[in-house]
Structures are given as structure tokens and as C-alpha cells.
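So the chains spell out like this:
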Amino acid sequence: MTKRIDNGRRESFKKVLLGGAAFSTLSSFEMKEEKPYELKGNINHGVCHWCFRDFELDAFCAEAKKIGIKGIDLIGPSNWHILKKHGLDSSMCNGAEISLTEGFGEVKYHDQLIKNYTEMIPKVADAGYKNLICFSGNRRGMDDETGLKNCQIGLEKIIPLAEKHGVIIQMELLNSRVNHKDYLCDKSAFGVELCKRLGSENFKLLYDIYHMQIDEGDLIRSVNDNHQYFGHYHTAGNPGRNELDDTQEIYYPALMKAIVATGFKGYVSHEFIPKSADKIAALAQGVQICDV
């Protein structure tokens, strides 16, 4: 069932956005609520709708925009019209991948993947978007070198088309310790080496902060050393993949400052699953925590 912001949610939402400051009249709140929340502008905020899928996409877009979010991640062509209706970017497109476990790391999937991406890349470009996700898939006994070679062979077949259309293929780094057992591209070193071998500005890494905190930590050093290979960031609290608040271990303000210092102009997209009953207020809080 589609959720709507009720009076209680509105009050909670208002407190998050305004630091608890009360408005003297309801009409003044209505006027304020109609305007997008004004952020500092150093971070381009996105969000993954799947984490808030209790909300119909159309309604979710309207609420996300109010708190200053510019893009929605992991949306395919069938729903791009909804994002366009709200003036939001499809900040990380999907729809060409097979699955998280079946990816470029295994040659047997290359024919299907190459077909899928060859069809999707022009669609992404024609819609005015530029980021398209991909996955390594699982290791299934492969060593790193075999996996790297296999990924390179497959990706080299689609990178020229991505370059032609100005689309950036982004492989997501996922942890293999907790959530995605046996995932191949589970360390930033693996992804960075793949970027170097491909040698194209149209292949980058989706650096998922939550996943890399689990599998390797040392987040700020990774950003400083390898930021040129990171084209997109995802957030979530660890442990639990929940809010970015002080119930978890990652200090997001310092990490965001490090990302901004690299000159990054892409998206930081929030991919946490709120425990709070007021999920929109939790999202607004996460945006504020990362607004440096």
C-alpha cells in the first residue's frame, strides 16, 4: 500500500529539516514545505528507491525532492518518465545486468551481457542520463587474476560504445563477508586494477561505503588514494545498513569532507534501510548528516 505523509510524519519531517525550530503558523510551514530544502551544494545527493519501496515511486520522488535530493538510483527505462515528471535525474541507471551473482567475471555470461549493454547504453544516453551499473558476479573458485582477465574481456566489448554515447559503466563494489558471499569485486584494489587495465574514463567504480567498511575499512585513505576511479558513492550505516546516525560506526561528515576535497562532482546516493517508523524524516536526517 502506498504511504502518505500524515500529520505526525509532517511534524517529524519539519523538525528534522528545521532543527526543531517551530513555525508560528501552519500556513508558514506550508510555504516553507513547498520549497526544496536548501543544501550547501557541495554534495549531489541521490537515493535508492528500493530502500523506501513502501512508497510508490511517484510519491517518493515528490518527497525526496523536497529535501534536496537530485537523483534516484537504480531505476530502469520503464520508470524514467516518473523521474522526469519530478525533474529528477536517473543518477545510476540499471536494467542491463543479469544479476548480482552473474556478471562479467564469468565468460559464459558475456554474450548476454554484451547484448544487454549494447541495447541499453544508447537508451541511457538518449534519455539524457550517463551512469549505468554493472556487476562482476560471483567468484565461484576463480582467483583474482582470472576474474580480472574475464571482466576485461567482456567489458572491452562495450566500453567503445559507452565512450561513443558518453555513458559511464560503473561496477559496484560489494562486500563478500556479510551480504554477498563469494562476490568477485569485493575489494577496492580489485576494482582499481580493472579500471587501470581498461584505461577508459567511461568505466568507473561505484564505491559503496557500507560494503567497503565491512570488507576493508580505511575509507578516507581509499578515497584519497583512488578517487579518480570512483564515479559514484552509496551510503549506509554499519553494522545493519540502517541510518547514518550515531548508532553506527562510520563518521560520515569526515568522509564526505574527504570526498568533496577530491573535487568529486558526481552523486552520493543514500542506500540505507531506515529502522525509524518515519522513513522520510530518516532520509532527511541522512542528507543533513552528509551535507558538508
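Reading the values: the criteria
- Residues numbered from 1 in each chain as written.
- Predicted model: local features only at pLDDT ≥ 70, side-chain atom pairs only at ≥ 80, totals over all residues.
- Heavy atoms only, no water.
- Helix = DSSP H or I, 4+ residues; strand = E, 2+ residues; numbered from the N terminus.
- Buried < 20%, exposed > 50% of the residue type's maximum accessible area, 1.4 Å probe, protein only.
- Contact = heavy atoms within 4.5 Å.
- Areas by Shrake-Rupley, 256 points an atom, 1.4 Å probe, with all protein chains shown as cover.
- Axes fitted to C-alpha atoms, helices over the stretch in contact; angles between N-to-C directions.
- Parallel < 35°, antiparallel > 145°, perpendicular 65-115°, else oblique.
- Nonpolar A, V, L, I, M, F, W, Y, C, P; charged D, E, K, R; others polar.
- Core = buried A, V, L, I, M, F, W, Y, C linked by side-chain atoms within 4.5 Å.
- Phe/Tyr/Trp six-rings, centres within 6.5 Å; stacked < 30°, edge-to-face > 60°.
- Expected span 1.5 Å × (residues − 1).
- Polar contact = N/O pair within 3.5 Å; in protein donor to acceptor, adjacent residues only side chain to side chain.
- Salt bridge = Lys/Arg side-chain N within 4 Å of Asp/Glu carboxyl O.
- Left-handed = near helix turned anticlockwise from the far one by under 90°.

- Per an unreviewed UniProt entry, the recorded name for the protein is Hydroxypyruvate isomerase, and the organism is Algoriphagus yeomjeoni.

Concerning the overall build of the protein
Next up, step 1: Assigned secondary structure in the protein consists of 12 helices and 8 strands.
Next up, step 2: The proportion of buried residues among the 292 residues of the protein is 56%.
Next up, step 3: Looking at the protein alone, contacts between residues at least 24 apart form 74% of all its contacts between residues at least 6 apart.
Next up, step 4: Accessible area for the protein stands at about 12800 Å²; split by element, carbon and sulfur atoms hold 49% of it.

A closer look at the packing of helix α10 (residues 219-226) against helix α11 (residues 252-261)
Next up, step 1: At a minimum axis distance of 9 Å, the contact between α10 and α11 shows a crossing angle of 5°. What the angle tells us is that α10 and α11 run roughly parallel. Residues Leu219, Ile220, Val223 and Asn224 of α10 pack against Ala254, Leu255, Ala258 and Ile259 of α11.
Next up, step 2: The residue makeup of the contact of α10 with α11, split by class, is 7 nonpolar, 1 polar and no charged.

Examining the nonpolar core
Next up, step 1: Ile72, Leu155, Ile169 and Phe203 are the most contacted members of the largest nonpolar core, which has 85 residues in total.
Next up, step 2: The biggest single contributor to this core is helix α5 (residues 110-126), with 6 residues.
Next up, step 3: Among all residues touching Leu155, those that are not within four sequence positions of it are Phe104, Cys134, Ile169, Met171, Leu194, Leu198 and Phe203.

Some remarks on the packing of aromatic side chains
Next up, step 1: Going through the model one piece at a time under the given rule, you end up with 9 aromatic pairs.
Next up, step 2: Where Phe52 meets Phe272, the ring centres are 6.1 Å apart and the plane angle is 75°; that geometry is what we call edge-to-face. In this pair, Phe52 sits in the loop between β1 (44-48) and α3 (57-66) while Phe272 sits in the loop between β8 (267-270) and α12 (279-289), placing the two residues 220 residues apart along the sequence.
Next up, step 3: On the basis of relative accessible area, Phe52 is assigned to the buried category, the value being 1%.

Concerning helix α6 (residues 144-155)
Next up, step 1: In a regular helix each residue adds 1.5 Å, so 12 residues correspond to 16 Å; α6 covers 16 Å between its end C-alpha atoms and thus fits that length.
Next up, step 2: For α6, the complete set of buried residues consists of Gly147, Leu148, Asn150, Cys151, Gln152, Gly154 and Leu155.
Next up, step 3: Against α5, β4 (131-134), α7 (159-165), β5 (168-172), α8 (188-198) and β6 (203-208) lie the buried residues of α6.
Next up, step 4: Two to three positions downstream of the cap, the backbone nitrogen of Glu145 sits 3.3 Å from a side-chain oxygen, assigning the N-cap of α6 to Asp143.

With respect to the environment of Ile121
Next up, step 1: Position of Ile121 relative to the elements: it lies in helix α5.
Next up, step 2: With 41 residues separating them along the chain, Ile121 and Ala162 place their C-alpha atoms 6.3 Å apart.
Next up, step 3: Filtering out sequence-adjacent residues up to four positions away, Ile121 remains in contact with Leu132, Ile158, Leu161, Ala162, His165, Val167 and Ile169.

Considering the environment of Arg221
Next up, step 1: Along the chain, Arg221 falls in helix α10.
Next up, step 2: Arg221 gets classed as exposed once you look at its relative accessible area, which sits at 52%.
Next up, step 3: Of the polar contacts made by the side chain of Arg221, one reaches the side chain of Asp218; its length is 2.7 Å.

As for the pattern of salt bridges
Next up, step 1: Across all of its chains, the model carries 14 salt bridges by this definition.
Next up, step 2: For the salt bridge of Lys85 with Asp58, the shortest nitrogen-to-oxygen distance reads 3.0 Å. Of this pair, Lys85 sits in helix α4 (residues 80-85) while Asp58 sits in helix α3, and the two are 27 residues apart along the sequence.
Next up, step 3: Note on Asp58: relative accessible area 23%, which makes it partly exposed.
Next up, step 4: For Lys149, the salt bridge goes to Glu145, with nearest N and O atoms at 4.0 Å. On the criterion of helical spacing, the pair formed by Lys149 and Glu145 is a turn pair, its members being 4 residues apart in helix α6.
Next up, step 5: One network of salt bridges, with partners in common, ties together Arg139, Asp144, Asp186, Lys187 and Asp215.

Focus on the packing of α6 against α8
Next up, step 1: Taken N-terminus to C-terminus, the directions of α6 and α8 make an angle of 45°; their axes are 10 Å apart at the nearest point. Taken together, the axes of α6 and α8 are oblique relative to one another. As α6 packs across α8, the resulting crossing turns out to be right-handed. Between α6 and α8, the contacting residues are Asp144, Glu145, Gly147, Leu148, Lys149, Cys151, Gln152 and Leu155 on the first element and Phe190, Glu193, Leu194, Arg197 and Leu198 on the second.
Next up, step 2: When its residues are assigned to classes, the contact of α6 with α8 shows 6 nonpolar, 2 polar and 5 charged.

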